[in-house]
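Structure at a glance
Given next are the chains, with one letter for each unit.
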Amino acid sequence: MKPIQVGLLGIGTVGSGTFKVLQRNQEEIRRRAGREIRISMVADLDTARARSVVGGAAEVVSDARAVIANPEIDIVVELIGGYGIAKALVLEAIAAGKHVVTANKALLAVHGSEIFAAASAKGVIVAFEAAVAGGIPIIKALREGLTANRIEWVAGIINGTTNFILSEMRAKGLDFAAALKQAQALGYAEADPTFDIEGIDAAHKATIMSAIAFGIPVQFAKAHVEGITALQAADIRYAEQLGYRIKLLGITKRRDDLKPAAGESGASGRSGASGASGGAGGIELRVHPTLVPTQRLIANVEGAMNAVVVHGDAVGTTLYYGKGAGSEPTASAVVADLVDITRLHTADPDHRVPHLAFQPGSMADTPILPIADVVTAFYLRLVVADKAGVLARITGILADNDISIDAVLQRESAEGENQTDLIILTHDTVEGRMNQALAQMQALPTVLAPIVRIRKEELS
Ligand code: HSE
């Protein structure tokens, strides 16, 4: 059978890895796919670099549209990134009847609905295993391996740069700025690390996983996103003393416990501060630093590695671990998509695996919950005056707001010191209620600095 012809748009780190892996494992991949997968055309503005990677094995052009216009090309692999030209090229490739493989999480998290609709209308596949957690086959696991399950929640370390920074902060007692500098010096963090350290990259990936786990549209705009820039070394230390590690987690969770409040119905009846929520359910979608018990496997994922925990009703908890970035790990996912398309492209489009795991006509409109309606436990650090009655006032405010305390730790004051750190772990509560309590505690004259609040998840 004649080879399936692939055109690469961009041959940087992932593109060159894809070329090398396909060449090196060509024979095994052919035996799996049923025919040869050949990169026959590459578009890159740096044609000299592209030629140095592919030699004479593929035609090199500077114009990506020349690849899309080539009738011999069956699959277009988009490795340009971003929402700009990449979006236009993906939509043009679909319109030209090409299948598309992309590692572009930003594009899919923001414009996925438009792209998948265009692909379905044209009967082509858009495959994106490389977009989430690099080499870990988490899309395959969520979409196919766990298809028997009602998925309850997904929680992942899905950004290697921030996990590296947090690991360095913990292991070496560094503050955030010093750990970031180290990550940049070692090539883990980009010169402009904003997308990573502000949690945006992780939120793109969590958004995609949320859509697949629960059969809802991709809705990046509704994700709650907090990065690690405000995290202090002191909190990492206190968390450790209490048996927790702090990880930047992407979390998406099904919530079936929401009951319409009296006289309310539907999502419009939601009230963040009271935590009363209308409608039959909702989905939490959030990225933020999170305390995780040290004994959980995911708490021990260090350095730039990624890991995703998925909890399904039948299977229980499963864990997926591996490299979330890098040339060949990401290429591993791109090539897997190429093999999938090679096997499936002749199948009736209705019989292929749906892009977002659920049939397009069976997608749910379950709302993404506002952060005030999210339920978690909390770590609080208060700098307080060390005098009689302070702890009682604070615990009183928590009690008044129906927030139950799980543990309290107070740093021993030094000789002559008249203030101390008070650390409180709470049980689960609605975030809106915690916000109310925080405002009341912050207003106390004996609370001497902004209260640090970090969410905590048991992941049990
Ligand atoms: N910058 C990402 C990370 C990899 O640090 O994990 C690509 O999404």
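Residues numbered from 1 in each chain as written. Predicted model: local features only at pLDDT ≥ 70, side-chain atom pairs only at ≥ 80, totals over all residues. Heavy atoms only, no water.

Regarding the pattern of salt bridges
To keep things clear, this is the line we draw: The salt bridge definition used is simple: a Lys or Arg side-chain nitrogen within 4 Å of an Asp or Glu carboxyl oxygen. Only protein chains enter the calculation, and the probe is 1.4 Å; a residue is then buried if its accessible area is under 20% of its type maximum, exposed if over 50%, and partly exposed in between. Counting from the N terminus, the helices are the DSSP runs of H or I reaching at least four residues and the strands are the DSSP runs of E reaching at least two.
Counted under the stated rule, the structure contains 31 salt bridges. Residue Asp44 pairs with Arg49 through a salt bridge whose shortest N-O separation is 3.0 Å. We classify Asp44 as buried; its relative accessible area is 9%. Its relative accessible area of 37% is what places Arg49 among the partly exposed residues. Put simply, Arg411 and Asp421 hold a salt bridge, and the shortest N to O gap is 3.5 Å. With Arg411 in the loop between strand 14 (405–410) and strand 15 (419–426) and Asp421 in strand 15, the pair connects residues that are ten residues apart, well separated along the chain. Note on Arg411: relative accessible area 26%, which makes it partly exposed. Through salt bridges that share partners, Lys253, Arg255, Asp257, Glu284, Arg286 and Glu457 make up one connected network.

Here's the deal with the confidence of the model for the chain
Applicable threshold: By definition, pLDDT measures how confident the predictor is in each residue, and it falls between 0 and 100. Here a residue-residue contact requires only that any non-hydrogen atoms of the pair lie within 4.5 Å.
Model confidence for the chain is summarised by a mean pLDDT of 94, while 95% of its residues fall at 70 or above. Note on residues 261–279: pLDDT is under 50 here. Beyond four places in sequence and across chains, it has 39 contacts.

As for helix 9 (residues 176–185)
For clarity, the cut-off: Comment: arc refers to directions from the helix axis out to C-beta atoms.
All buried positions along helix 9 are accounted for by Phe176, Ala179, Leu180 and Ala183. Projection of helix 9 onto a plane perpendicular to its axis shows the buried side chains occupying an angular sector of 100°, all on one side. For helix 9, the exposed residues lying more than 90 degrees away from the buried face are Lys181 and Ala185. Lining the buried residues of helix 9 we find helix 8 (160–172) and helix 10 (194–197).

Brief notes about unusual backbone geometry
As a rule of thumb, non-glycine residues mostly have phi less than zero, and peptide bonds are mostly trans rather than cis. With phi around 60°, Ala133 is a residue other than glycine that occupies positive phi space. Relative to the helices and strands, Ala133 resides in the loop between strand 6 (126–127) and helix 7 (138–145). Even without being a glycine, Ala357 presents a positive backbone phi close to 75°. As for its placement among the helices and strands, Ala357 is situated in the loop between helix 13 (327–344) and strand 13 (375–385).

A closer look at the packing of aromatic side chains
The cut-off we apply is this: Working definition: a ring pair exists when centres of Phe, Tyr or Trp rings (six-membered ring for Trp) sit within 6.5 Å. Plane angles under 30 degrees give stacked, over 60 give edge-to-face, the rest tilted.
Summed over the entire model, instances satisfying the criterion amount to two aromatic pairs. Here the aromatic rings of Phe116 and Phe128 are separated by 5.5 Å at their centres, their planes lie at 40°, and the arrangement is tilted. Of the two residues, Phe116 is situated in helix 6 (residues 105–122) and Phe128 in the loop between strand 6 and helix 7; the sequence distance between them amounts to twelve residues. Here Phe116 and Phe128 have matching classes, each one buried.

Focus: the site of the ligand
Quick reminder of the rule: For this purpose, a residue is taken to be near a molecule or strand whenever a single non-hydrogen atom of the residue falls within 4 Å of it. Distance and chemistry together define a polar contact, namely a pair of N or O atoms within 3.5 Å, with one atom able to donate a hydrogen and the other to accept it when in protein, and with adjacent residues in sequence counting only for side-chain atoms on both sides. Methods summary: accessible areas were calculated by the Shrake-Rupley approach with a probe of 1.4 Å, and residue burial reflects only the protein chains presented.
The immediate surroundings of the ligand are formed by Lys105, Asn159, Gly160, Thr161, Asp196, Asp201, Lys205 and Ala325. The separation between an oxygen atom of the ligand and a polar side-chain atom of Asn159 is 3.4 Å. Within the side chain of Asp196, one N or O atom sits 3.0 Å away from a nitrogen atom of the ligand. In the complex, 81% of the free accessible area of the ligand, which totals 260 Å², lies under the protein chains.

Observations concerning the sheet that holds strand 4 (residues 75–78)
Note the following rule: If DSSP finds at least two bridges between two strands, the strands pair.
One open sheet accounts for six strands, arranged 3-2-1-4-5-6; its pairing is parallel. Unpaired on one side and paired on the other, strand 3 (59–61) and strand 6 mark the two borders of the sheet. When strand 1 (residues 4–9) meets strand 4, the two strands line up parallel, connected through four bridges. Residue Gly7 lies in a different strand from strand 4, and its bridge partner there is Val76.

Considerations on a nonpolar patch on the surface
Convention followed: Like charges are joined within 9 Å and nonpolar side chains (Val, Leu, Ile, Met, Phe, Trp, Tyr) within 5 Å, but only among residues with over 30% relative accessible area and no salt bridge; these make up the patches.
Where nonpolar side chains cluster on the molecular surface, the patch consists of Tyr83, Val110 and Phe195 and spans about 240 Å² of accessible area. Tracing the backbone shows Tyr83 in the loop between strand 4 and helix 5 (85–95). By relative accessible area, Tyr83 is classed as partly exposed at 32%.

A short note on helix 13
Rules: To estimate how far a helix should extend, the number of its residues minus one is multiplied by 1.5 Å.
Compared with an ideal rise of 1.5 Å per residue, which puts 18 residues at 26 Å, helix 13 spans 26 Å between its outermost C-alpha atoms and is within 8% of the ideal. By the burial criterion, the buried members of helix 13 are Thr330, Ala331, Ala333, Val334, Val335, Asp337, Leu338, Val339, Asp340, Ile341 and Thr342.

Considerations on the nonpolar core
As a reminder of what qualifies: For the purposes of this section, nonpolar cores are sets of buried Ala, Val, Leu, Ile, Met, Phe, Trp, Tyr and Cys residues that join through side-chain atoms within 4.5 Å.
Phe128, Ile138, Leu142, Ile165, Ile208 and Val310 are the most contacted members of the largest nonpolar core, which totals 83 residues. Broken down by element, this core gets its largest block of residues, nine residues, from helix 11 (residues 200–214). Sequence-distant contacts of Val310, that is, excluding residues within four places in its chain, are made with Ile138, Leu142, Leu146, Ile151, Trp153, Val154, Gly316, Thr317, Thr318 and Tyr320. In terms of nonpolar packing, the next biggest core, distinct from the first, is built from 32 residues, Leu8, Phe19, Ile29 and Leu79 among them.

Here we look at the pairing of strand 15
Most of strand 15 sits out of view: seven of its eight residues are buried. Two elements, strand 13 and strand 15, share seven bridges in a ladder whose sense is antiparallel. The residue bridging Tyr379 from the neighbouring strand is Leu425, located in strand 15. Where strand 14 meets strand 15, five bridges bridge the pair, whose relative direction is antiparallel. Paired with Leu409 across the two strands is Ile423, which belongs to strand 15.

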